[in-house]
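Spelled out from the first residue to the last, the chains are:
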Amino acid sequence: MSVRVRFAPSPTGYLHIGSARTALFNYLYARHTGGKFLLRIEDTDLARSTEESTRSILDGLAWLELNHDEEIVFQSNNADKHRATAKKLLAEGKAYRDFTPKAEPNDANVKDTIKDRARANQGEKNMRDNPFRDISAEESNARAAAGEPFAIRLKVPDVRTGSDSDWASPSGKTSFQDQVYGLQERDHAETEDLVLLRSDGHPLYNLAVVCDDIEMAITHVIRGQDHLTNTHKQVLIYEALGITPPTFAHLPLIMAPNKGKLSKRKHGEVVSMTTYRDAGFLAAAFRNFLALLGWSASEEQEIYSLDELVQKFSLEGIHRSNAVFNFTENDPRKWTDDKAQWMNAEYIRTRPLDELIPFIKPEMKAGKLWREEYEDDDKAWFENTINLIRQRFFTLKDFSKQGRAYFSEDFDFDPAAIEKNLSKFPDLKIWLPELADRFEVEFADKPYTEENIESVVKAFTEEKGTKLGVVMNGARTLLTGVAVGPSMLSVFEIIGLERTLLRLRSGLAWAK
RNA sequence: GUCCGGUUCGUCUAGGGGUUAGGACACCGCCCUUUCACGGCGGCAACACGGGUUCAAAUCCCGUACCGGAUACCA
C-alpha cells in the first residue's frame, strides 16, 4: 500500500516552529517513500480558528517549499460525517448519551483547572462511573426525544466487569507499535469515556481526526508526542469502528531554552516561521536546520540539500528526547538559535550563485536597488559583486543593508566606522581627495585592477609617510559606509573608477 | 496525584559492553590581513545519581532524582 501522510494544523495562529518541523518530517517521509503528503486544516474549533491563521500557515509551508499533494481538506466541512459516525456508534451501543449538564469552561486557566481536578482525584477516579453509561436504551431515547441536551461519549470497555468489550481488544488495554517510541500500552482504566460529540452537536477532535484519517486513507500518522495519549483514545475509536489504525510515529518536542514550553505567548516572534522569512533566512537553510532538530542520519554531516534529506530520511533516525531551540532573549546577536544563524550564513556564502540570486533579487527590489541590467549587460559585474560581498553576510537582508553602497549612491555611513577610520586621522580629509586625483591621472591609460590599484595606493601612502591601513580603511569608509568588508583592493575594483573618484572627493562622511 | 516518555560538552548530536567518548554551533586563543563578522589551525567542554550483571558498563537490568508530555463537551 502506498504511503499517505498528512500535516494537520489547527489554524489558531501562525506556523509554529514545532509544527513546521512536523510538516517537514511528514513531507520528507512522503517523498522518501514515494507517497503522498496531504494537508488538512483542523478548524473544528470555530471560536479559535481564523482564516488569517490558515493563510499564515499556508504561507509558511509555501515558504519552506513543502508542497502538498491533492486538495486541502478543511475538517469543518466534514462535520456531518463526524456526527453520523458518532450516531452510528451510539446505535451500536459502543457509545452512549451523557445528559450531565455541560460544565462552564473556566477558560482563564483551563490547563490549571484540569490539572487540579486530576490531582484531586489522586488517581483513584473510576473512569467508568458516569451515571448515564448504563441507562437503558429506552430511557436514553426517551430523554433525547424530550429534547434534553446530551453529549455522546465513547463507551470504553470496563475492565472490572469485562462488559462492553466485544469490540475492543480483549487485553483490557490499547496498544500500538509507535515507530519512534516503541510499543505503547495503556490500560482502559486510564482512559476516560471520551466525548465524541458535544451537546451542541459539535464533533470533537479525536472523533474528527479518526474519521478524516480514515476518509483520507492515511497510512502513517506522524505528529508531536503531545498526542501520545490521544493516540490511545483514537485507537479505541478505530476499534469501535472495526477499522485497522494507521501506523503511528510520534515526534519529540521542541522546547524553549529553559526546557519549558516554547510558546507564542511567552517567546513571541522567534517561534514563527514568517519571522525567519522576513529576517532574510533562506528556506533551504532553515529547513536544513529544522531537519536536524530531533532527527539525524547518524553521520558527521550538517549541510543537506532537500534531495539528500528526502533520500536519507527515515523514522528510525528520529530521537526520543526533546530538543532545545536555543536563543537568548534581549541579546540581539542571539535572538534565535546560533546554529540556525550559522546554517543560513553558510548557505548564503556557499550556495551556487544561480541558486541564490533569485532570492537576492526580491530583497534588492524591496530596497530599491534592483536594476534590470543585472540580468543582461551588467550580469557579470553583478555576480562578481554578490560573490565578493556575500562572504561576510549572514542573511538576505545584508544585501540591501550593508551591501547598499555597491548598488546605489544612497547609502548611510556607520558612525562607528567614521570614528574609527576617519575622525582619528584628520589628514585623510585632504589625502583622500588627493588620492582621487592620483587615481584619475594614473588610470587614464591603465586598467583599474587590483594589482595596479595596489601599487598606486602603496606609492601614495609612502609619499605621505603613513601606513597603508590608514588610507585603505579611510577609503573603505568613504566608499562603502561601513568598517567591514572584503579586501579593499577588490572593493575599489568592483566599485569602479568613476564611483571611487566621486566618493573619495565627496566628503559626505565628514558632513555627517 | 496518576499514566506515558526522556536524560552524552552551554546547545544540536554520533556512539550503544573494551573508544584518547567523535562532529557541528557557540565561546576562547593563534595565524592570515589594510579593517572584519570570511578562511586556516588549536583550545575549553559531556555520558544525571545509586545499586546490580560482567574480566570489563556511558552502553544491559533495577531503583532514585530531575525534566517533559498527557490527564477538557480545546486542538
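One structure accompanies this document, and this report is about it. What you are looking at is a predicted structure, and each value in this text was computed from that prediction instead of being measured.

**Observations regarding the side chain of D193**
Part 1 of the argument: Position of D193 relative to the elements: it lies in the loop between strand 7 (182-187) and strand 8 (195-197).
Part 2 of the argument: Its relative accessible area of 3% is what places D193 among the buried residues.
Part 3 of the argument: In terms of polar contacts, D193 uses its side chain to reach the backbone amide nitrogen of V156, at 3.1 Å.
Part 4 of the argument: The contacts of D193, once residues within four sequence positions are left out, are Y96, M127, R128, R133, R153, L154, K155 and V156.

**As for the packing of helix 17 (residues 428-442) against helix 19 (residues 468-480)**
Part 1 of the argument: Where helix 17 contacts helix 19, the axes come no closer than 11 Å and their chain directions differ by 80 degrees. On the basis of the axis angle, helix 17 is roughly perpendicular to helix 19. Here helix 17 contributes L428, L432 and L435 to the contact with helix 19, which in turn contributes V470, V471, G474, A475 and L478.
Part 2 of the argument: In terms of residue class, the contact of helix 17 with helix 19 is made up of 7 nonpolar, 1 polar and no charged.

**A word on the protein's contact with RNA strand B**
Part 1 of the argument: In the vicinity of RNA strand B lie 72 residues, with D45, T100, I114, T229 and R392 positioned nearest.
Part 2 of the argument: Considering the 4 Å shell around the protein, atoms of RNA strand B inside it are sugar or phosphate in 69% of instances.
Part 3 of the argument: E300 is positioned with one of its side-chain polar atoms (N or O) 2.8 Å from a sugar or linking oxygen of RNA strand B.
Part 4 of the argument: Broken down by element, the residue count for the surface near RNA strand B peaks at 6 residues, all from helix 4 (residues 110-120).
Part 5 of the argument: A breakdown of the residues in the surface near RNA strand B according to their chemical character gives 22 nonpolar, 24 polar and 26 charged.

**As for helix 7 (residues 228-241)**
Part 1 of the argument: End to end, helix 7 covers 20 Å across 14 residues, agreeing with the expected 20 Å (1.5 Å per residue, within 8%).
Part 2 of the argument: Burial of helix 7 is extensive: 12 of the 14 residues sit out of reach of the surface.
Part 3 of the argument: Among the residues making up helix 7, those that are buried are L228, N230, T231, H232, K233, Q234, V235, L236, I237, Y238, A240 and L241.
Part 4 of the argument: In the segment just after helix 7, G242 is the residue with positive phi, at about 70 degrees.

**Observations regarding the packing of aromatic side chains**
Part 1 of the argument: Following the criterion strictly, the structure yields 29 aromatic pairs and no others.
Part 2 of the argument: Judged by centre distance (5.5 Å) and plane angle (80 degrees), the ring pair of W370 and Y374 falls under edge-to-face.
Part 3 of the argument: Classification of W370 by relative accessible area gives buried; the value is 12%.
Part 4 of the argument: On the basis of relative accessible area, Y374 is assigned to the buried category, the value being 2%.
Part 5 of the argument: Aromatic rings pair up to connect W63, Y276, F281, F286, F289, F325, F327 and W335 into one cluster.
Part 6 of the argument: Of note, R21 hangs over the ring of F25, and the distance from its end group to the ring centre comes to 5.2 Å.
Part 7 of the argument: Lying across the ring of F394, R349 places its NZ or CZ 5.8 Å from the centre.

What counts, and where the lines are drawn
Residues numbered from 1 in each chain as written. Chains lettered and ligands numbered in written order. Predicted model: local features only at pLDDT ≥ 70, side-chain atom pairs only at ≥ 80, totals over all residues. Heavy atoms only, no water. Helix = DSSP H or I, 4+ residues; strand = E, 2+ residues; numbered from the N terminus. Buried < 20%, exposed > 50% of the residue type's maximum accessible area, 1.4 Å probe, protein only. Polar contact = N/O pair within 3.5 Å; in protein donor to acceptor, adjacent residues only side chain to side chain. Contact = heavy atoms within 4.5 Å. Axes fitted to C-alpha atoms, helices over the stretch in contact; angles between N-to-C directions. Parallel < 35°, antiparallel > 145°, perpendicular 65-115°, else oblique. Nonpolar A, V, L, I, M, F, W, Y, C, P; charged D, E, K, R; others polar. Near = heavy atom within 4 Å. Expected span 1.5 Å × (residues − 1). Phe/Tyr/Trp six-rings, centres within 6.5 Å; stacked < 30°, edge-to-face > 60°. Lys NZ or Arg CZ within 6 Å of the ring centre and 35° of its normal.

These values are about where atoms sit, not about what they do.
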